[in-house]
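One letter stands for each residue in the lines below.
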Amino acid sequence: MDITVSRAEDIAVLERRMPSSSVEGCHAARFARQEAGRSTYLIPWLDGRPVGHAEVRWTGCEAAEVRLAQPGCPEINGLLVWPESLRSQGVGTSLVRAAERLARERGVGAMGLGVGDDNRRAAALYARLGYRPTVAYVDRWAYLDSDGVRHERADLCTFLVKELR
Ligand SMILES: CC(C)(COP(=O)(O)OP(=O)(O)OC[C@H]1O[C@@H](n2cnc3c(N)ncnc32)[C@H](O)[C@@H]1OP(=O)(O)O)[C@@H](O)C(=O)NCCC(=O)NCCS
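Below is a summary of the structure that appears in this document. (Residues numbered from 1 in each chain as written. Predicted model: local features only at pLDDT ≥ 70, side-chain atom pairs only at ≥ 80, totals over all residues. Heavy atoms only, no water.)

A separate point is helix α4 (residues 91-105). End to end, α4 covers 21 Å across 15 residues, agreeing with the expected 21 Å (1.5 Å per residue, within 8%). Considered for burial, the residues of α4 that qualify are Val 91, Gly 92, Thr 93, Leu 95, Val 96, Ala 98, Ala 99, Glu 100 and Ala 103. Backbone geometry just after α4 places Gly 107 at a positive phi near 80 degrees. (Helix = DSSP H or I, 4+ residues; strand = E, 2+ residues; numbered from the N terminus. Expected span 1.5 Å × (residues − 1). Buried < 20%, exposed > 50% of the residue type's maximum accessible area, 1.4 Å probe, protein only.)

Now the structure itself:
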């Protein structure tokens with residue numbers, strides 16, 4: 001498996017294989033943030049196909065509670081392995097490690113990520129990788145339904161942090 005930084009020509013392929021489910025988290029928005037220097041959008045490839053993604057947001061988590069408690073801490077956002085049949089084979093771990101490598105190269109001393117309070121398996125993975133709970137927050141996001149109507153969601157989450165030094 002290779003992990004690459006996304007390129008403009010990958011966005012249509014990603015959209016076909018893993019249709020975007022949120023407005024701010026759509027592939028085009030993630031790539032635009034990368035182009036603006038605000039994030040790095042990492043893509044794992046298996047046999048020439050994208051099998052997930054992770055956006056390293058150098059500007060940190062959007063939630064005010066997290067920004068106050070963990071100022072300057074970057075965030076791994078939108079971690080996904082797809083299709084489900086490829087999960088539990090180390091792809092997610094490789095994505096997290098690739099994000100941590102990028103942070104160390106930049107001299108960043110910590111990495112954070114948010115996990116939904118009902119996502120026990122992901123939380124177990126992050127604990128194994130050395131991430132510790134810091135602050136509870138509400139993740140607010142939106143999606144467009146098939147009629148183009150916008151729906152707002154609010155999920156209870158915990159922000160986890162790992163010291164990299
Ligand atoms: C969480 C996720 C990215 C992990 O990727 P992965 O490639 O399966 O991770 P790894 O193979 O490196 O590690 C596997 C571990 O991930 C965790 N995990 C979390 N959700 C899982 C799922 N739906 N299926 C399999 N493993 C999952 C478990 O701790 C698992 O360990 P186990 O196999 O011993 O139970 C992936 O499972 C996924 O895309 N889940 C759905 C989206 C999601 O929950 N994203 C995280 C948002 S915070």
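Looking now at the nonpolar core. Ile 76, Met 111, Tyr 126 and Tyr 131 are the most contacted members of the largest nonpolar core, which has 20 residues in total. Among the elements of the structure, β4 (52-57), α4, β6 (110-116) and α5 (120-128) are those that each provide at least two residues to this core. (Core = buried A, V, L, I, M, F, W, Y, C linked by side-chain atoms within 4.5 Å.)

Right, let's get into the site of the ligand. Close to the ligand lie 17 residues, the nearest being Ser 88, Gly 90, Gly 92, Thr 93 and Asn 119. Contacts to the ligand include Gln 89, whose backbone N or O atom sits 3.0 Å from an oxygen atom. Between Val 91 and the ligand, the recorded distance is 3.4 Å, taken from a backbone N or O atom to an oxygen atom. Across the complex, the protein chains shield 76% of the 830 Å² of accessible surface that the ligand would expose by itself. Residue assignment for the shell around the ligand shows that the elements contributing at least two residues are β5 (75-81), α4 and α5. Top element by residues in the shell around the ligand is α5. It accounts for 5 residues. Here the shell around the ligand is composed, by residue class, of 7 nonpolar, 7 polar and 3 charged. (Near = heavy atom within 4 Å. Polar contact = N/O pair within 3.5 Å; in protein donor to acceptor, adjacent residues only side chain to side chain. Areas by Shrake-Rupley, 256 points an atom, 1.4 Å probe, with all protein chains shown as cover. Nonpolar A, V, L, I, M, F, W, Y, C, P; charged D, E, K, R; others polar.)

Turning to the side chain of Ser 39, a few remarks are in order. Position of Ser 39 among the secondary structure elements: in strand β2 (residues 39-46). Ser 39 gets classed as buried once you look at its relative accessible area, which sits at 3%. Within polar-contact distance, the side chain of Ser 39 engages the side chain of Glu 55 at 2.9 Å. Setting aside chain neighbours within four positions, we find Ser 39 in contact with Arg 30, Arg 33, Gln 34, Glu 55, Val 56, Arg 57 and Trp 58. (Contact = heavy atoms within 4.5 Å.)

Let's shift gears to the pattern of salt bridges. The final tally for this structure, using the stated rule, is 9 salt bridges. Across the pair Glu 100 and Lys 162 runs a salt bridge whose closest N-O atoms are separated by 3.3 Å. Of this pair, Glu 100 sits in helix α4 while Lys 162 sits in strand β8 (residues 150-163); the two residues are 62 residues apart in sequence, bridging distant segments of the chain. Each of the salt bridges in this network shares a partner with another, and the network as a whole consists of Glu 24, Arg 30, Arg 33, Glu 55 and Arg 57. (Salt bridge = Lys/Arg side-chain N within 4 Å of Asp/Glu carboxyl O.)

How two aromatic rings sit relative to each other is set out by the distance from centre to centre and by the angle between their planes. All chains considered together, the criterion is met by 2 aromatic pairs. Arranged with centres 6.3 Å apart and planes meeting at 70 degrees, the rings of Tyr 137 and Phe 159 form a pair that is edge-to-face. With Tyr 137 in strand β7 (residues 132-144) and Phe 159 in strand β8, this pair connects stretches of sequence that are 22 residues apart. Judged by centre distance (6.1 Å) and plane angle (40 degrees), the rings of Trp 141 and Tyr 143 are tilted. (Phe/Tyr/Trp six-rings, centres within 6.5 Å; stacked < 30°, edge-to-face > 60°.)

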